[in-house]
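Take a look at the letters that make up each chain.
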Amino acid sequence: MRHANIAVFVPHAGCPHTCSFCNQKTISGCSAQPTAADVTQTIENALSYLGNRAKDAEIAFFGGSFTAIDRQYMISLLEAAKPYIDSGRLYGIRCSTRPDCIDEEVLELLKSYSVTSIELGAQSMSDRVLRLNERGHRAQDVVKAAQLVRQYGFELGLQMMTGLYGDDDEGAVYTAQEIAKLGPDTVRIYPTVVLRGTKLAELYVNGEYRPQPLEGAVGICAALLRFFYERGIDVIKLGLHAEDGVERDYLAGAYHPALRELAEGRIYLDEAERQIKEKGISGRITVLCPKGEISKVVGQHRCNILRLSQLGCDAKVSAREGIGKYSLEIISEQK
């Protein structure tokens, strides 16, 4: 149940910049600022259905730059949540913020209110890409903030994007590499989506920005998922949540409600293709995969099975204990 979030959205509050891609009202699905009473009600509602699982859940303040909002307002939200952590009814408090809105003073304050996890919106580790997308901070700000978060004993989360204006897959890989060096506990990956009401929408309409197609995003996200997995870094989110507002204001870009499943399916397909080609396998095969992963190996609408048939393999998929995540064993039935 760890990393189950009882989410409270504080939409676009505190942000000193409006990034090229940002429309927090759409992304969060709300526009009103929550009150302390709203926080209490949200937690109580969650406790009613989480039961004993609540002790491993976090109340999460998302949707804006939490540490940049009015200080007394921030404290009022934390004061509403803190008693639930102190009593052991919830595990902790998670918040997301900008890397240039972190310093020693605010970290001391967060620590005093039982905050356990801090996520930093890095988005890119290229100063050029950050500037083009009007982020208002540098890559070095991410490094400094991440080190401070670690120094103060918080769990560190980092968020990155693919397909940003002025970026490419090589840049996304570079960002992932630089993020991994900072030793985060968790990562979120967000392929860029063009939403109405953003600077990016203007660039798209004017032909200055070409969005990354879904197929391209699936490919790079598959590579990033495997990269972080091999380094023991948990990717806790891939892609925007399937809120009605996102689909309503969507113009272009790599949005899909099951993006992670598509990306993980691509990982398994790539692994199957590698083994088939290296071993010269053809004909009837059994693809053995980790338990619980059969649907990903098969692919949406059996797309992976169809691809393997193009390589000359008639594949069936079964699960077996002991096979590691993103690994496969292929047995040829050809005699």
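See the structure printed just above.
Caption draft 1: Region of interest: the pairing of strand E5 (residues 155-162). Judged by how many residues are buried, E5 sits mostly within the fold: 8 of 8 residues are covered. Burial of E5 is two-sided: the residues Glu-155, Gly-157, Gln-159 and Met-161 facing one way and the residues Leu-156, Leu-158, Met-160 and Thr-162 facing the other way are all buried. Summarising the sheet, strand E4 (residues 115-123) and E5 pair through 6 bridges and their orientation is parallel. By the bridge assignment for E5, Ser-117 is matched with Glu-155. As judged from the 6 bridges shared by E5 and strand E6 (residues 186-191), these two strands associate in the parallel manner. Looking at the pairing, Met-160 lines up with Ile-189 of E6. This β-α-β element, E5 to helix H7 (residues 169-181) to E6, shows right-handed connectivity.

Caption draft 2: Representation of the packing of helix H11 (residues 259-279) against helix H13 (residues 303-310). Running from N to C, H11 and H13 point in directions that differ by 20°, and their axes come no closer than 10 Å. Taken as axis vectors, H11 and H13 run roughly parallel relative to one another. Our pair here, H11 against H13, has a crossing hand that is right-handed. Along the contact surface, H11 presents Gly-265, Leu-269, Ala-272, Glu-273, Ile-276 and Lys-277, while H13 presents Asn-304, Arg-307 and Leu-308. Each residue belonging to the contact of H11 with H13 can be placed in one class, and the counts come to 4 nonpolar, 2 polar and 3 charged.

Caption draft 3: Layout of the sheet that holds E6. The strand order E1-E2-E3-E4-E5-E6-E8 describes an open sheet built from 7 strands, whose pairing is parallel. Sheet topology places strand E1 (5-9) and strand E8 (234-238) at the edges, where each strand pairs with a single neighbour. Across the sheet, the axes of successive neighbouring strands diverge by a mean angle of 20°, strand direction being ignored. Along the sheet, helix H9 (residues 214-230) makes contact with E5, E6 and E8, crossing E6 at roughly 175°. Contacts between H11 and the sheet are confined to E6 and E8, with E8 contributing the most and set at about 130° to the helix.

Caption draft 4: Quick look at the side chain of Gln-159. Locating Gln-159 in the fold gives a position in strand E5. In this structure Gln-159 comes out as buried when scored by relative accessible area, which is 11%.

Caption draft 5: Geometry of the nonpolar core. The biggest cluster of nonpolar side chains holds 90 residues, and the ones touching the most others in it are Ile-59, Phe-61, Leu-90, Leu-107, Ile-118 and Phe-228. With residues up to four places along the chain from it excluded, the contact list for Phe-61 reads Val-8, Val-10, Val-39, Phe-66, Leu-77, Leu-78, Ala-81, Ile-93, Arg-94, Cys-95 and Ser-96. Membership of the second largest hydrophobic core comes to 19 residues, among which are Cys-19, Leu-203, Tyr-209 and Tyr-255.

Calculation rules
- Every chain is numbered independently, its residues counted from 1 as its sequence is written.
- Local features in this predicted model are restricted to residues whose pLDDT is 70 or higher, and side-chain atom pairs enter the listing and the counts only when it is 80 or higher, whereas totals over whole chains, interfaces and linings include all residues.
- The basis for every side-chain value is the complete set of heavy atoms in the structure, and neither hydrogens nor water enter the calculation.
- Exposure classes here rest on a 1.4 Å probe applied to the protein chains alone. A residue is buried below 20% of its type maximum, exposed above 50%, and partly exposed in between.
- Strands are runs of DSSP state E lasting at least two residues, helices are runs of H or I lasting at least four, and both sets are numbered from the N terminus onward.
- Any two strands are treated as partners once DSSP identifies two or more bridges connecting them.
- By the criterion used throughout, a crossover qualifies as right-handed when its path from the first strand across the helix to the second strand runs clockwise, the strands pointing away from the viewer.
- To define axes, lines are fitted to C-alpha atoms, for helices over the stretch in contact only, and angles between the resulting N-to-C directions are given on a 0 to 180 degree scale.
- Roughly parallel means an angle under 35 degrees; roughly antiparallel, over 145; roughly perpendicular, 65 to 115; everything else is oblique.
- Working rule for handedness: look at the near helix, and if it is turned counterclockwise from the far one by less than a right angle, call the crossing left-handed; if clockwise, right-handed.
- A contact between two residues is defined here by any heavy atoms of the two lying within 4.5 Å.
- Amino acids outside the nonpolar list (Ala, Val, Leu, Ile, Met, Phe, Trp, Tyr, Cys, Pro) and the charged list (Asp, Glu, Lys, Arg) are all regarded as polar, and Gly is one of them.
- Definition used in this section: a nonpolar core is a set of buried Ala, Val, Leu, Ile, Met, Phe, Trp, Tyr and Cys residues joined via side-chain atoms within 4.5 Å.

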